[in-house]
Amino acid sequence: MTAAKDSTAQILLGLLARRETLADAVASISVERIEPLARLCRDCDVAPWIHAALDDRSAKSATCQALRVSLAPSRNKVRRDNLLMIARAEQTLDRLRGAGIVPIALKGLDLLHRVYASFDLRTADDVDLLVRATELPRALEILRADGWRIPSESSVAHFVRSSHHLPIDSPGEIPVAFELHWNLAQERRF
């Protein structure tokens with residue numbers, strides 16, 4: 001790692017550890033180091049959080065504004081992706097509840113409203129829902145009938161034997177990845 005890259009990583013780590021204020025840390029670096037810092041923020045999946053922190057009134061320096069502008073497209077993408085994910089999750093929860101299956105939202109979806117001040121501060125790659133193992137076949141039947149992309153029956157059987165969740169994709173022009181869990185952890189491996 002080069003000295004400049006190492007220094008950029010140290011700035012980001014300092015921000016994440018909150019050893020110094022974001023505005024002070026960003027204001028102290030040169031303008032030519034903004035893009036490497038922005039790239040590192042995107043690579044480390046913290047661009048939305050850093051962008052939001054730069055909304056603070058104290059972040060008025062040219063470097064703060066340059067970093068904010070550079071991170072804005074990343075946060076906007078997270079905002080759009082999360083809105084679609086939340087909408088699909090609500091539709092799915094309503095559909096399964098209507099059939100008497102009451103899933104529990106896990107991980108990212110649950111954390112968005114419990115931990116973060118805004119739904120667009122965290123990148124979420126998929127929706128994780130926990131159903132009772134006994135309700136899994138019926139849930140899959142309902143979702144398959146609604147046009148979901150679900151693995152073949154032999155693949156489902158393999159996942160049930162060897163895992164604790166099954167990847168499936170919602171219907172629609174832009175599918176949303178879901179993981180349907182029937183256990184919180186894998187009991188055995190293959």
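Here, the structure is the one placed above.
Attention in this report is confined to the structure presented alongside it. Quick caveat, the model's predicted, so the values are computed rather than measured. (Residues numbered from 1 in each chain as written. Predicted model: local features only at pLDDT ≥ 70, side-chain atom pairs only at ≥ 80, totals over all residues. Heavy atoms only, no water.)

**Describing the overall build of the chain**
Here is step 1: Scanning the chain from terminus to terminus reveals 8 helices and 4 strands.
Here is step 2: Dimensions of the chain along its principal axes, counting C-alpha atoms only, are 60 × 35 × 30 Å.
Here is step 3: Relative to its 190 residues, the chain shows a buried fraction of 42%.
Here is step 4: In the chain, 63% of the contacts between residues at least 6 apart in sequence involve partners at least 24 apart.
Here is step 5: Just so you have it, the chain exposes about 10,800 Å², and 53% of that area is on carbon and sulfur atoms.
Here is step 6: Between the averaged position of the 26 positive side-chain charges in the chain and that of its 25 negative side-chain charges there is a distance of 1 Å. (Helix = DSSP H or I, 4+ residues; strand = E, 2+ residues; numbered from the N terminus. Buried < 20%, exposed > 50% of the residue type's maximum accessible area, 1.4 Å probe, protein only. Contact = heavy atoms within 4.5 Å. Areas by Shrake-Rupley, 256 points an atom, 1.4 Å probe, with all protein chains shown as cover. Lys, Arg positive; Asp, Glu negative; His and termini not counted. Charge placed at Lys NZ, Arg CZ, Asp CG, Glu CD.)

**Observations regarding the nonpolar core**
Here is step 1: Ranked by internal contacts, the top residues of the largest apolar core, which has 26 residues, are V127, L140, I150, I168 and L180.
Here is step 2: Of all the elements in the fold, those that place two or more residues in this core are α5 (62–98), α6 (107–114), β2 (127–130), α7 (136–145), β3 (165–169) and β4 (177–181).
Here is step 3: Counting residues per element, this core draws most heavily on α7, at 5 residues.
Here is step 4: With 19 residues, the next largest nonpolar core counts L12, L22, L54 and L71 among its residues. (Core = buried A, V, L, I, M, F, W, Y, C linked by side-chain atoms within 4.5 Å.)

**Looking at the pattern of salt bridges**
Here is step 1: Going through the model one piece at a time under the given rule, you end up with 9 salt bridges.
Here is step 2: We note a salt bridge from R114 to D110, for which the minimum N-O separation is 2.7 Å. A residue pair is termed a helical-turn pair when its members lie 3 or 4 positions apart in one helix, as R114 and D110 do in helix α6 at 4 residues.
Here is step 3: What emerges from the salt-bridge pattern is a single network uniting R75, R79 and D120. (Salt bridge = Lys/Arg side-chain N within 4 Å of Asp/Glu carboxyl O.)

**A short note on the packing of aromatic side chains**
Here is step 1: Using the criterion set out here, one finds 1 aromatic pair in the structure.
Here is step 2: With 4.7 Å between their ring centres and 80° between their planes, W148 and F178 make a pair best called edge-to-face. Here W148, found in the loop between α7 and α8 (153–162), pairs with F178, found in strand β4; they are 30 residues apart in sequence, far enough to count as distant. Each member of the pair, W148 as well as F178, is classed as buried. (Phe/Tyr/Trp six-rings, centres within 6.5 Å; stacked < 30°, edge-to-face > 60°.)

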